[in-house]
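# Chains, contacts and geometry: an overview
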Amino acid sequence: NAGVTQTPKFRILKIGQSMTLQCTQDMNHNYMYWYRQDPGMGLKLIYYSVGAGITDKGEVPNGYNVSRSTTEDFPLRLELAAPSQTSVYFCASSPAKGGTDTQYFGPGTRLTVL
Amino acid sequence: GENVEQHPSTLSVQEGDSAVIKCTYSDSASNYFPWYKQELGKRPQLIIDIRSNVGEKKDQRIAVTLNKTAKHFSLHITETQPEDSAVYFCAASLNYGGSQGNLIFGKGTKLSVKP
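Just so you know, these numbers come straight off a predicted model, no measurement behind them. (Residues numbered from 1 in each chain as written. Chains lettered and ligands numbered in written order. Predicted model: local features only at pLDDT ≥ 70, side-chain atom pairs only at ≥ 80, totals over all residues. Heavy atoms only, no water.)

With that settled, consider the interface of chain A and chain B. Counting residues at the interface gives 21 residues for chain A, matched by 21 residues for chain B. Both faces considered, chain A and chain B share a buried interface measuring about 1700 Å² in area, 52% of it formed by carbon and sulfur atoms. Looking only at chain A, the three residues that lose the most surface to chain B are Leu43, Gly99 and Phe105 of chain A, adding up to 28% of its buried area. Where chain A meets chain B, there are zero salt bridges. Across the contact surface, chain A and chain B share three residue pairs in polar contact (both at pLDDT 80 or more). (Contact = heavy atoms within 4.5 Å. Buried area = accessible area lost by both parts, 1.4 Å probe. Salt bridge = Lys/Arg side-chain N within 4 Å of Asp/Glu carboxyl O. Polar contact = N/O pair within 3.5 Å; in protein donor to acceptor, adjacent residues only side chain to side chain.)

What follows is the structure, encoded as structure tokens:
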């Protein structure tokens, strides 16, 4: 199994541009998450999904959107990129609620907005 | 809102010494407490976790203790090795409202083990 995969690994955006961060898992997990990691600030939850067709906001959802059309894929959309969105983005999945079981993380996407 | 405080933010030890990282949480209903290790440029990976019905759990050189009354939990690494150098994150489950079932993370501890 590949586990959780993310593309791209690195990206530089100009202010106001848009992009989609891709996340795919092959473990048949229902629960998926998007986090952002800023230096010295730990991991902040952006959006999460408890299954195909169901998504909900996390702690820092502003400026982002998600969709979950299949169990495997959970893309994160950035509209009108801003410098404050410069961060490392991690996707994760879990066989059960993340608050009760292991979360498996992808390799991350390093995004810079200039 | 609910939060998790983690201390220290940086920790430097000599190889072979022990390292202890402490976290406190605010949600009294939290019942799952994982610890993740993140090496430089890599993804976070679970190293040990503990549930609220257990006071201590050990896996080789790593142990975690939980004090529910005081709402704090700690990671203990014995006989540290250079490969233990990484950032360690604690987390606690949220168990209220719409956030039920999610994790809130501490800000991390950068552990450096000097040969």
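Once that is clear, we can look at the pattern of salt bridges. All names here are of chain A. Counted according to the given criterion, the structure contains six salt bridges over all chains. The closest approach of N and O atoms between Glu59 and Lys44, which form a salt bridge, is 3.5 Å. Placement of Glu59 in the loop between strand S6 (54-57) and strand S7 (64-66) and of Lys44 in strand S5 (residues 43-51) is noted, with a sequence separation of 15 residues between them. (Helix = DSSP H or I, 4+ residues; strand = E, 2+ residues; numbered from the N terminus.)

What follows covers the sheet that holds strand S1 (residues 4-7) of chain B. Residues and elements named next belong to chain B. Taken in spatial order, the five strands line up as S1-S3-S8-S7-S6 in an open sheet, and their pairing is antiparallel. With one partner strand each, in any of the chains shown, S1 and strand S6 (56-59) form the two edges of the open sheet. Here the average twist between neighbouring strands, direction ignored, is 15 degrees. Across four bridges, S1 lies against strand S3 (residues 19-25) in antiparallel orientation. Among the inter-strand pairings, Glu5 is bridged to a residue of S3, identified as Thr24. (Pairing = 2+ DSSP bridges. Axes fitted to C-alpha atoms, helices over the stretch in contact; angles between N-to-C directions.)

It is worth spelling out the confidence of the model for chain B at this point. Should pLDDT be low for a region, the predicted coordinates there are not to be read in detail. Per-residue confidence for chain B gives a mean pLDDT of 93, with 96% of residues at or over 70. Per-element confidence in chain B ranges from a low mean pLDDT of 92 for strand S10 (residues 103-105) of chain B to a high of 98 for strand S2 (residues 10-14) of chain B. (pLDDT = per-residue confidence, 0-100.)

On inspection of all chains with the given rule, the structure shows 11 aromatic pairs over all chains. Taken together, a centroid distance of 5.7 Å and an interplanar angle of 35 degrees make the contact between Tyr35 of chain A and Phe105 of chain A tilted. Of this pair, Tyr35 of chain A sits in strand S4 (residues 31-37) while Phe105 of chain A sits in strand S10 (residues 104-105), and the two are 70 residues apart along the sequence. Taken together, a centroid distance of 5.6 Å and an interplanar angle of 70 degrees make the contact between Trp35 of chain B and Phe73 of chain B edge-to-face. With Trp35 of chain B in strand S4 (residues 32-38) and Phe73 of chain B in strand S8 (residues 72-77), this residue pair connects regions lying 38 residues apart in the sequence. (Phe/Tyr/Trp six-rings, centres within 6.5 Å; stacked < 30°, edge-to-face > 60°.)

On to the nonpolar core, then. Side chains of nonpolar character tend, in soluble globular proteins, to be buried together. Counting 25 residues, the largest nonpolar core has Trp35, Phe73, Leu75 and Leu111 of chain B as its most contacted members. Of all the elements in the fold, those that place two or more residues in this core are S2, S3, S4, strand S5 (45-51), strand S7 (62-67), S8, strand S9 (86-93) and strand S11 (109-114) of chain B. Not counting residues up to four positions away in its chain, the partners in contact with Leu111 of chain B are Leu11, Val13, Ala19, Ile77, Asp84, Ser85, Ala86 and Tyr88 of chain B. Among the nonpolar cores identified, the runner-up in size contains 19 residues, and Leu21, Met32, Ala81 and Cys91 of chain A belong to it. (Core = buried A, V, L, I, M, F, W, Y, C linked by side-chain atoms within 4.5 Å. Buried < 20%, exposed > 50% of the residue type's maximum accessible area, 1.4 Å probe, protein only.)

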